[in-house]
Amino acid sequence: MRDDNCLFCKIIGGEIPSSKVYEDEYVFAFRDINPQAPVHVLVVPKEHIPCADAVDAANSVYVAKCFEAIAKIAKAEGLDKGYRVINNCGEYGGQSVQHLHFHLVGGVKLSEKIL
Ligand code: DGP
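Read on for a plain summary of the structure. None of the values given here were measured: they were computed from a predicted structure.

What counts, and at which threshold
- Residues numbered from 1 in each chain as written.
- Predicted model: local features only at pLDDT ≥ 70, side-chain atom pairs only at ≥ 80, totals over all residues.
- Heavy atoms only, no water.
- Helix = DSSP H or I, 4+ residues; strand = E, 2+ residues; numbered from the N terminus.
- Rg over C-alpha atoms; globule rule 2.2 N^0.38 Å.
- Areas by Shrake-Rupley, 256 points an atom, 1.4 Å probe, with all protein chains shown as cover.
- Lys, Arg positive; Asp, Glu negative; His and termini not counted.
- Charge placed at Lys NZ, Arg CZ, Asp CG, Glu CD.
- Core = buried A, V, L, I, M, F, W, Y, C linked by side-chain atoms within 4.5 Å.
- Buried < 20%, exposed > 50% of the residue type's maximum accessible area, 1.4 Å probe, protein only.
- Contact = heavy atoms within 4.5 Å.
- Disulfide = S-S within 2.5 Å.
- Polar contact = N/O pair within 3.5 Å; in protein donor to acceptor, adjacent residues only side chain to side chain.
- Near = heavy atom within 4 Å.

**Remarks on the overall build of the chain**
Stage number 1. Along the backbone of the chain there are 3 helices and 5 strands.
Stage number 2. In the chain, the succession of α and β elements from N to C terminus is α-β-β-β-α-β-α-β.
Stage number 3. Since a compact globule built from 115 residues should have a radius of gyration of about 13 Å, the 14 Å found for the chain is in line with a globular shape.
Stage number 4. Its C-alpha atoms put the chain at 35 × 30 × 25 Å along the principal axes.
Stage number 5. As displayed, the chain has an accessible area near 7100 Å², and 53% of this comes from carbon and sulfur atoms.
Stage number 6. Averaging the locations of the 12 positively and 15 negatively charged side chains of the chain gives two centres separated by 9 Å.

Structure follows, in structure tokens:
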């Protein structure tokens with residue numbers, strides 16, 4: 001289901017242009033408008049799931065499909081030496097777009113870590 005007021009639903013629907021790198025039945029992936037690394041792709045479920053906190057047994061297939069897509073995109077982008085996957089959830093987690101998404105970042109040796 002989509003949310004007509006959601007930026008990422010509009011990107012998935014093609015009403016807002018994006019630089020698409022991958023799409024299947026469950027997942028849409030496109031380059032971040034403000035890249036933090038040479039490769040910075042947003043991997044987004046086609047279902048409007050607001051955040052990680054809203055994942056449940058009924059929609060978790062979308063999360064699994066996102067991670068299947070991440071493995072494919074990483075290979076296609078040449079991230080054979082590794083990469084980082086980040087999800088920001090909620091106000092304290094720094095989430096700015098209220099549609100679940102995974103940042104796939106790589107293409108350089110990443111340094112900043114909090115874990
Ligand atoms: P977060 O802060 O985790 O909610 O990440 C949201 C990301 O979405 C942020 O890195 C910038 C990106 N973003 C916001 N608006 C657009 C847009 O219109 N197009 C694209 N490609 N990325 C966007």
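**A short note on the nonpolar core**
Looking at soluble globular proteins, one finds that nonpolar side chains tend to be buried together.
Stage number 1. Counting 18 residues, the largest nonpolar core has Val41, Val43, Ile73, Phe102 and Leu104 as its most contacted members.
Stage number 2. With residues up to four places along the chain from it excluded, the contact list for Leu104 reads Val39, His40, Val41, Val43, Ile70, Ile73, Ala74, Leu79, Tyr83, Arg84 and Val85.
Stage number 3. Formed by 10 residues, the second largest nonpolar core is a distinct cluster that contains Phe8, Ile11, Phe28 and Leu42.

**A few points about the state of the cysteines**
Stage number 1. For the coordinates displayed, the defined rule picks out 0 disulfides.
Stage number 2. Unpaired in this structure, Cys9 has its nearest cysteine sulfur neighbour in Cys6, at a distance of 3.8 Å.
Stage number 3. We classify Cys9 as buried; its relative accessible area is 2%.
Stage number 4. With no disulfide partner, Cys51 has as its closest neighbouring cysteine sulfur the one in Cys89, 4.1 Å distant.

**Comments concerning the side chain of His103**
Stage number 1. Residue position: His103 is located in strand S5 (residues 102–106).
Stage number 2. Polar side-chain contacts of His103 include one of 2.8 Å to the side chain of His40.
Stage number 3. With residues up to four places along the chain from it excluded, the contact list for His103 reads Asp32, His40, Val41, Leu42, Arg84, Val85, Ile86 and Asn88.

**Some thoughts on the environment of Val63**
Stage number 1. Within the secondary structure, Val63 is located in helix H2 (residues 60–76).
Stage number 2. A residue is classified by how much of its surface remains accessible, and Val63, at 18% relative accessible area, is buried.
Stage number 3. Through-space distance from the C-alpha of Val63 to that of Pro45 is 7.1 Å; in sequence the pair is 18 residues apart.
Stage number 4. Sequence-distant contacts of Val63, defined by excluding residues within four places in its chain, comprise Val55, Leu100 and Phe102.

**Side note on the site of the ligand**
Stage number 1. Around the ligand there are 15 residues in total, and Arg31, Asp32, Asn88, Ser96 and His103 lie nearest to it.
Stage number 2. Within the side chain of Asn88, one N or O atom sits 2.7 Å away from an oxygen atom of the ligand.
Stage number 3. His103 is positioned with one of its side-chain polar atoms (N or O) 2.8 Å from an oxygen atom of the ligand.
Stage number 4. The element that contributes the greatest number of residues to the shell around the ligand is helix H1 (residues 7–13), accounting for 3 residues.

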